[in-house]
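Chain by chain, the residues:
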Amino acid sequence: MRTLITDCRIVTPGIDLANGSLLIEEDKIVSLIPAGSPLPAADRTISGSGLTAMPGFVDIHCHGRNNVDFCDGSVEAVNTIARGKLEEGVTTLLPTTLTLPEEELRAALDAVAHYDGKGCKLPGVHLEGPFINVKCCGAQNPAYVRRPDIEEVKRLNAVYPVKKVSFAPETEGAAELTAELCRMGIVPSCVHTAATFGQFKECYLQGMRNLSHFCNQMTPLHHRDIGMVGAGLLKSDVYAELICDKLHICPDMIALAFQVKGADHIELISDAMRASGMPDGEYTLGGLPVISRDGEARLKEGGALAGSVLQLNVALKNVAEVTGLPLSELVKSSSYTAARALGLPGIGKLEPGYQADVVLLDADFRVMKTFVDGELRFER
Ligand SMILES: [Zn+2]
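Residues numbered from 1 in each chain as written. Predicted model: local features only at pLDDT ≥ 70, side-chain atom pairs only at ≥ 80, totals over all residues. Heavy atoms only, no water.

Here the focus is empty space enclosed by the protein. The final tally for this structure, using the stated rule, is two cavities of 30 Å³ or more. Roughly 40 Å³ of internal volume is contained in the largest cavity. Contributing to the lining of the largest cavity are Pro55, Gly56, Thr91, Gly346, Ile347, Gly348, Lys349, Gln355 and Asp357. Here the second largest cavity is characterised by a volume of approximately 30 Å³. Across the lining of the second largest cavity, the residue classes break down as five nonpolar, four polar and no charged. (1 Å grid on protein atoms, 1.4 Å probe; cavity = no way out; pocket = protein on both sides within 12 Å on 5 of 7 lines; lining within 4 Å. Points joined across faces, edges and corners; volume = space filled by probe spheres on them. Nonpolar A, V, L, I, M, F, W, Y, C, P; charged D, E, K, R; others polar.)

Below is the structure:
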């Protein structure tokens, strides 16, 4: 089956084509056709007039949506989130777990293993915790924090592939864990940490090149020890996840991160919890009560930020407004950079041979259509 999306703006890393057309055959991109060129025959033609086509978004840090959480451990929750994410243009997602007992993590991964496959793609999971610094928990439950244990990761990886493990580099055994994860082809990442720059470097030497929700629950920049924020700014080969809701990180810090690191090493994430895509009200995160109001999700007790309700299309709109950088550059941060950091081939660009994961947005970044592997799976 050949699908032709006509007369749209096509934005992909390094390319911004006005009034172009996109030819898809089965699950692959075949060609980008500039305005004025003859159009090939197709089985289905979809008008993209007034819309912008971009590579489907890759969200590598997401806990939930539509009032459910991956840690609910139910297949219905997985199916609901994976369908809901299509509404924000996400075509590839890493279900992300919380700091919980191993039995609960196992149940969450088992539910992902039984996903019906009708929403976005779930190539593996992201374990956020449980090997974090108990003093930097944020909304993670300190009761379940434990020391790095590669055997636990191996047991979970046998239930469903683990793509990324986020932990604190100052915990005992973190450098060994980094090395072993790299050997297994799993991406190690720093999170919920009070590490010094020196402690980070011990893991960096073993292959650590990722920082999860950069700046949040992380040692701030100080001029006598640049800490984890300094590490992210200094090391140009380190990838940084950013929650660009203009709340977890202020607009000036978003601008600074893009100026220093560039879109080649920034990954837009939602870090969304179950209140994402839902009306304001009371929800939970890891069993703790959370109030969601006006785009902010905070713990009822103490008021700490408890994940976000951010959606990826809004994150991209925010960074476009804040940085003023061209979309053909920023679009890396919503898909290709994450795919590259995770080693997911054929994802994140609208180029011949790439997977036909395509999102069509209106001028206000509202998602109008989402294609996964060439299949139209969401339409507004
Ligand atoms: Zn976190």
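Having seen the structure, we can now continue with the description.
Summed over all chains, the structure comprises 29 salt bridges. In this structure, Asp364 engages Lys317 in a salt bridge whose closest nitrogen and oxygen atoms are separated by 2.9 Å. Here Asp364 is found in the loop between strand 19 (358-361) and strand 20 (367-372), whereas its partner Lys317 is found in helix 8 (residues 312-323), with 47 residues between them in sequence. Residues Glu375 and Arg377 are paired through a salt bridge, measuring 3.2 Å at the closest nitrogen-oxygen approach. The exposure class assigned to Glu375 is partly exposed, which follows from its relative accessible area of 44%. (Salt bridge = Lys/Arg side-chain N within 4 Å of Asp/Glu carboxyl O. Helix = DSSP H or I, 4+ residues; strand = E, 2+ residues; numbered from the N terminus. Buried < 20%, exposed > 50% of the residue type's maximum accessible area, 1.4 Å probe, protein only.)

Coordination of the zinc ion by the protein involves Glu128 (OE), His192 (NE2) and His213 (NE2), with metal-donor separations of 1.8 to 2.3 Å. Along the chain, the residues donating to the zinc ion fall in the pattern E-x63-H-x20-H. With Glu128 in strand 10 (residues 125-128) and His192 in the loop between strand 12 (187-190) and helix 5 (197-204), the pair connects residues that are 64 residues apart, well separated along the chain. Taken individually, Glu128 and His192 each receive the classification buried, so the pair is uniform in this respect. (Donors = N, O, S within 2.8 Å, 3.2 Å for Na, K, Ca; no water.)

Moving on, we get to the environment of Thr196. Relative to the elements of secondary structure, Thr196 occurs in the loop between strand 12 and helix 5. Sequence-wise, Thr196 and Lys300 are 104 residues apart; in three dimensions their C-alpha atoms are separated by 31 Å. If we skip the residues at most four places from it in the chain, Thr196 touches Asp225 and Gly227. (Contact = heavy atoms within 4.5 Å.)

Okay, the pairing of strand 16 (residues 281-285) next. With five bridges joining them, strand 16 and strand 17 (residues 288-293) adopt antiparallel strand pairing. Looking at strand 17, one finds that Tyr283 is bridged to Val290. Between strand 16 and strand 17, which pair antiparallel in sequence order, lie two residues; one of them, Gly286, sits at a positive phi of approximately 55°. (Pairing = 2+ DSSP bridges.)

Scanning the model with the defined rule gives zero disulfides in all. Free of any disulfide, Cys182 has its nearest neighbouring cysteine sulfur in Cys203, separated by 9.7 Å. No disulfide involves Cys250; its nearest neighbouring cysteine sulfur is the one of Cys215, lying 8.8 Å away. Its relative accessible area of 40% is what places Cys250 among the partly exposed residues. (Disulfide = S-S within 2.5 Å.)

Taken domain by domain, the protein chain consists of domain 1 (2-54 + 349-379) and domain 2 (57-342). Placing a centre on the C-alpha atoms of domain 1 and another on those of domain 2 gives a separation of 29 Å. Taking both sides of the interface into account, the surface hidden between domain 1 and domain 2 amounts to around 1,800 Å²; carbon and sulfur atoms contribute 70%. The largest contributions to the domain 1 side of the interface with domain 2 come from Pro13, Phe365 and Arg377, which together make up 31% of the buried area. (Domains from an automatic or database assignment. Buried area = accessible area lost by both parts, 1.4 Å probe.)

With that settled, consider the side chain of His192. For His192, a relative accessible area of 4% puts it in the buried group. The residues contacting His192, other than those within four sequence positions of it, are Glu128, Ile132, Asn133, Cys136, Cys137, Gly138, Gln140, Ala168, His213 and Gln217.

Let us look at the layout of surface pockets. By volume, the largest pocket is sized at about 220 Å³. Looking at the largest pocket, it is lined by 19 residues, and the ones nearest its centre are Ala139, His192, Asp271, Leu305 and Gly307. Residues belonging to the lining of the largest pocket are distributed by class as follows: eight nonpolar, nine polar and two charged.

What follows deals with the nonpolar core. Soluble, globular proteins show a tendency: their nonpolar side chains are buried together. Of all hydrophobic cores here, the largest spans 102 residues; its most connected members are Met54, Leu109, Phe200, Phe214, Phe258 and Leu268. Examining the composition of this core, we find that six residues originate from one element, helix 9 (residues 327-342), more than from any other. Among the domains, domain 1 (2-54 + 349-379) and domain 2 (57-342) are the pair contributing at least three residues each to this core. Setting aside its immediate chain neighbours within four residues, Met54 contacts Val11, Leu316, Leu327, Val331, Leu350, Asp357, Val358, Val359 and Leu361. In terms of nonpolar packing, the next biggest core, distinct from the first, is built from 17 residues, Ile10, Ala53, Leu350 and Leu360 among them. (Core = buried A, V, L, I, M, F, W, Y, C linked by side-chain atoms within 4.5 Å.)

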